[in-house]
Amino acid sequence: MNREKEIPYKIYLEEKEMPDSWYNVRADMKNKPAPLLNPGTLKPLTFEEMRGVFCDELCRQELDDTTPYIEIPEEIRKFYKMYRPSPLVRAYCLEEKLDTPAKIYYKFEGNNTSGSHKLNSAIAQAYYAKKQGLKGVTTETGAGQWGTALSMACAYFGLDCRVYMVKCSYEQKPFRREVMRTYGANVTPSPSETTSVGRKILEEFPGTSGSLGCAISEAVEAATSREGYRYVLGSVLTQVLLHQSVIGLEAKTAMDKYGIKPDMIIGCAGGGSNLGGLISPFMGEKLRGEADYEIVAVEPASCPSLTRGRYVYDFCDTGKVCPLAKMYTLGSGFIPAPNHAGGLRYHGMSSVLSQLYHDGYMKAVSVEQTSVFRAAEEFARVEGILPAPESSHAIKAAMDEAIRCRQTGEERTILFGLTGTGYFDMMAYERFNNGEMKDYVPTDEELAKGFAGIPSFPGNDVC
Ligand SMILES: *Cc1c(COP(=O)(O)O)cnc(C)c1O
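Here is a short report on the structure shown in this document. The structure presented is a predicted model; accordingly, all values stated were derived computationally and were not measured. (Residues numbered from 1 in each chain as written. Predicted model: local features only at pLDDT ≥ 70, side-chain atom pairs only at ≥ 80, totals over all residues. Heavy atoms only, no water.)

1. Brief notes about the pairing of strand β6 (residues 136-141)
Part 1 of the reasoning: Burial analysis of β6 places six of its six residues in the buried class, the great majority of the element.
Part 2 of the reasoning: Burial along β6 is two-sided: Gly136, Thr138 and Glu140 facing one way and Val137, Thr139 and Thr141 facing the other are all buried.
Part 3 of the reasoning: Both β6 and strand β7 (residues 160-166) contribute to a ladder of six bridges, which runs parallel. Following the sheet pairing, Val137 is matched in β7 by Cys161.
Part 4 of the reasoning: Crossover handedness for the path β6 to helix α7 (residues 145-157) to β7: right-handed.
Part 5 of the reasoning: In terms of strand pairing, β6 meets strand β9 (residues 229-231) through three bridges, oriented parallel. Across the sheet, Thr138 pairs through a bridge with Tyr231, a residue of β9. (Buried < 20%, exposed > 50% of the residue type's maximum accessible area, 1.4 Å probe, protein only. Helix = DSSP H or I, 4+ residues; strand = E, 2+ residues; numbered from the N terminus. Pairing = 2+ DSSP bridges. Right-handed = clockwise from strand over helix to strand, strands pointing away.)

Next up, the structure:
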């Protein structure tokens, strides 16, 4: 009990305690994540094939399943120091409110202008593009956090940044769009007439409000058809999980300093990058048999890739221009119901997390959106931070566990990732506050339509 009292509300690391290398969890995985496949040949994508799309150094990181520690270049560490280390917060007020014996910690990644963890990878990707002498990068963005983070990173290194923004977000989230433009990015609503894949999608689905998968197809085409440009992606890829390991490394150092060992680690899961980053050093210990942790991915019930998806090779994008990835997927044509407001809407899941989940190293739960927003408001009122809807999926699961501990009297230590702030999500909060938000859980028949779009070839059984 005395020891407990010594733990401050916020544990900050000193600059010299920040990691100087990222940790590559793949190095400790016995079953490596399945490689990306060339959709034409169905053979693993080679470095040569990949480098037309991604920067060279990022291709190397994407393909590297064996090097455990990869040094963070000095320039990136310098940028990290502007907004990191991020605090590890002991949620004393939430614990009190829930009257739980559980100890709750969260790693808060919302303390930068982009408002989320995505800047951790954006700055790394922009750095390698600059170092290679490229003119610019292209990308897609849904809700806008990734586009914002990348705009900031490109502004810092003086790179051109072209963002394809899902059309409904472009129209509904003008503030995000303007933040990106303020940092110098060129923002196009997707699908657009500026790419052939965009024109094709518009012809097939006139009036479509767009999807992430469709914006990815356009961004890839924009990069590969333009001299001196490459495509960058804010989640899902193994390189992004690598960069996000900075979250987990800092969290682990901070906990080790105070002798804290989490029993349960929780993260929201869209494409898997924040969760993959947060858990990586803990998962490393688990894979090496040095420690055990209960690790939980939390996803929306309206976009349940881990809990209800299939573990197969699938397209990463609607336009089917990207390589095939083996992952838990709902099918690249899957689009969450129109009333879905909580983010985390990607149809698939990082191949690293998919493999770890498949091998039983982590669990997954799905939660419905009204319960997520209820948890968000309760959290905001006691802990002060206005959380992003995405992050609130993790809050919801952490609160559920803390309430369970109240009933059983277990003094478990819970760590969750608070990935960002929700200032640009007030339309969703408004709907919730007005009592207009509904839950929607897709039926098996609806999911079957998405599964039907998964490519079928020998060894890729969808059923
Ligand atoms: C993008 C985003 C997520 C989900 O992406 P992952 O790759 O699964 O981490 C979660 N929270 C916030 C705030 C985000 O911006």
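2. Overview of the packing of aromatic side chains
Part 1 of the reasoning: A complete count under the given rule lists 18 aromatic pairs for this structure.
Part 2 of the reasoning: Relative to Phe157, the ring of Tyr127 has its centre 5.9 Å away and its plane inclined at 55 degrees; by these criteria the two rings are tilted. Here the residue Tyr127 occupies a position in helix α6 (residues 119-131), and Phe157 occupies one in helix α7, the gap between them amounting to 30 residues. Like Phe157, Tyr127 is buried.
Part 3 of the reasoning: Grouped by ring-pair contacts, the aromatic residues Phe79, Tyr80, Tyr83, Tyr127, Tyr128, Tyr156 and Phe157 constitute a single cluster.
Part 4 of the reasoning: Across from the ring centre of Tyr170, 4.8 Å away, lies the NZ or CZ of Arg177, which sits over that ring.
Part 5 of the reasoning: Note that Lys261 overlies the ring of Tyr293, its terminal NZ or CZ placed 4.6 Å from the centroid. (Phe/Tyr/Trp six-rings, centres within 6.5 Å; stacked < 30°, edge-to-face > 60°. Lys NZ or Arg CZ within 6 Å of the ring centre and 35° of its normal.)

3. As for the nonpolar core
Part 1 of the reasoning: Ranked by internal contacts, the top residues of the largest apolar core, which has 76 residues, are Trp22, Ile76, Tyr80 and Met362.
Part 2 of the reasoning: In this structure, Tyr80 is in contact with Met18, Trp22, Ile72, Asn120, Ile123, His243 and Val246, ignoring residues within four places of it in sequence.
Part 3 of the reasoning: Counting 27 residues, the second-largest nonpolar core is a separate cluster that includes Leu98, Ile266, Val372 and Leu418. (Core = buried A, V, L, I, M, F, W, Y, C linked by side-chain atoms within 4.5 Å. Contact = heavy atoms within 4.5 Å.)

4. Re helix α4 (residues 74-83)
Each full turn of the α-helix corresponds to 3.6 residues, which orients residues three or four apart in the same direction.
Part 1 of the reasoning: Every buried residue of α4 is listed here: Ile76, Arg77, Phe79, Tyr80 and Tyr83. Down the axis of α4, the sector holding all buried residues measures 160 degrees, keeping them to one side. More than 90 degrees from the buried face of α4, the exposed residues found are Lys78 and Met82.
Part 2 of the reasoning: On the buried face of α4, the contacting elements are β2 (21-23), β3 (69-71), α6, α7 and α12 (238-257). (Arc of directions from axis to C-beta.)

5. Structural notes on the pattern of salt bridges
Oppositely charged side chains can form a pair if their charged atoms are brought close together.
Part 1 of the reasoning: Within this structure, the stated rule accounts for 31 salt bridges.
Part 2 of the reasoning: Measuring nitrogen to oxygen at the nearest pair gives 2.6 Å for the salt bridge that ties Lys363 to Glu294. Of this pair, Lys363 sits in strand β14 (residues 363-367) while Glu294 sits in strand β11 (residues 294-300), and the two are 69 residues apart along the sequence.
Part 3 of the reasoning: Connected through salt bridges with shared partners, the residues Glu294, Lys363, Glu401, Arg404, Glu410 and Arg412 form a single ionic network. (Salt bridge = Lys/Arg side-chain N within 4 Å of Asp/Glu carboxyl O.)

6. With respect to the pairing of strand β5 (residues 103-108)
Part 1 of the reasoning: Along β5, six of the six residues are buried, which leaves the element largely enclosed by surrounding structure.
Part 2 of the reasoning: Here β5 shows no split at all, with Lys103, Tyr105 and Lys107 on one side and Ile104, Tyr106 and Phe108 on the other all buried.
Part 3 of the reasoning: Sheet topology note: the strand β4 (residues 88-90)/β5 ladder contains three bridges and is antiparallel. Directly across from Arg90, in β5, lies its bridge partner Tyr105.

7. A look at the site of the ligand
Part 1 of the reasoning: The local shell around the ligand holds 18 residues, among which Lys118, Ser235, Gly270, Asn274 and Thr419 are the closest.
Part 2 of the reasoning: Taking Ser273, its side chain carries an N or O atom lying 2.7 Å from an oxygen atom of the ligand.
Part 3 of the reasoning: For the ligand, the protein covers 95% of the area, taking 390 Å² as the surface of the free molecule.
Part 4 of the reasoning: For the shell around the ligand, the elements supplying multiple residues, two or more each, are α13 (273-287) and α17 (389-408).
Part 5 of the reasoning: By residue class, the composition of the shell around the ligand is four nonpolar, twelve polar and two charged. (Near = heavy atom within 4 Å. Polar contact = N/O pair within 3.5 Å; in protein donor to acceptor, adjacent residues only side chain to side chain. Areas by Shrake-Rupley, 256 points an atom, 1.4 Å probe, with all protein chains shown as cover. Nonpolar A, V, L, I, M, F, W, Y, C, P; charged D, E, K, R; others polar.)

8. Let's talk about the side chain of Ser350
Part 1 of the reasoning: With respect to the element layout, Ser350 can be found in the loop between β13 (324-329) and α15 (351-358).
Part 2 of the reasoning: By relative accessible area, which is 1% here, Ser350 ends up buried.
Part 3 of the reasoning: Side-chain polar atoms of Ser350 contact the backbone nitrogen of Leu353, separated by 3.1 Å.
Part 4 of the reasoning: Not counting chain neighbours up to four residues away, the residues in contact with Ser350 comprise Val236, Leu241, Gly271 and Gly272.

9. Looking at the sheet that holds β7
Part 1 of the reasoning: Pairing is parallel in the open sheet, where four strands are placed in the order β8-β7-β6-β9. Pairing within the sheet leaves two strands with one partner each, and these edge strands are β8 (186-190) and β9. Strand-to-strand, the axes of this sheet are offset by a mean angle of 25 degrees, without reference to chain direction. (Axes fitted to C-alpha atoms, helices over the stretch in contact; angles between N-to-C directions.)

10. Some remarks on the packing of α4 against α6
Packed helix pairs are specified by the crossing angle of their axes together with the interaxial distance, meaning the distance between the axes.
Part 1 of the reasoning: Relative to each other, α4 and α6 sit at 150 degrees, their axes nearing to 10 Å. Between α4 and α6, the crossing angle belongs to the class labelled roughly antiparallel. Helix-helix and strand crossings are classified by hand; for α4 and α6 the assignment is right-handed. Counting all contacts with α4, which are made through Glu75, Ile76, Phe79, Tyr80 and Tyr83, the residues of α6 involved are Leu119, Asn120, Ile123, Ala124, Tyr127 and Tyr128.
Part 2 of the reasoning: Looking at the contact of α4 with α6 residue by residue, the class counts come to nine nonpolar, one polar and one charged. (Parallel < 35°, antiparallel > 145°, perpendicular 65-115°, else oblique. Left-handed = near helix turned anticlockwise from the far one by under 90°.)

11. Thoughts on the environment of Arg162
Part 1 of the reasoning: Within the fold, Arg162 resides in strand β7.
Part 2 of the reasoning: On the basis of relative accessibility, which here comes to 24%, the residue Arg162 falls in the partly exposed class.
Part 3 of the reasoning: C-alpha of Arg162 to C-alpha of Asn186: the two residues are 24 residues apart in sequence and 4.8 Å apart in space.
Part 4 of the reasoning: Beyond its immediate sequence surroundings of up to four residues, Arg162 is in contact with Val137, Thr138, Thr139, Asn186, Arg226 and Tyr229.

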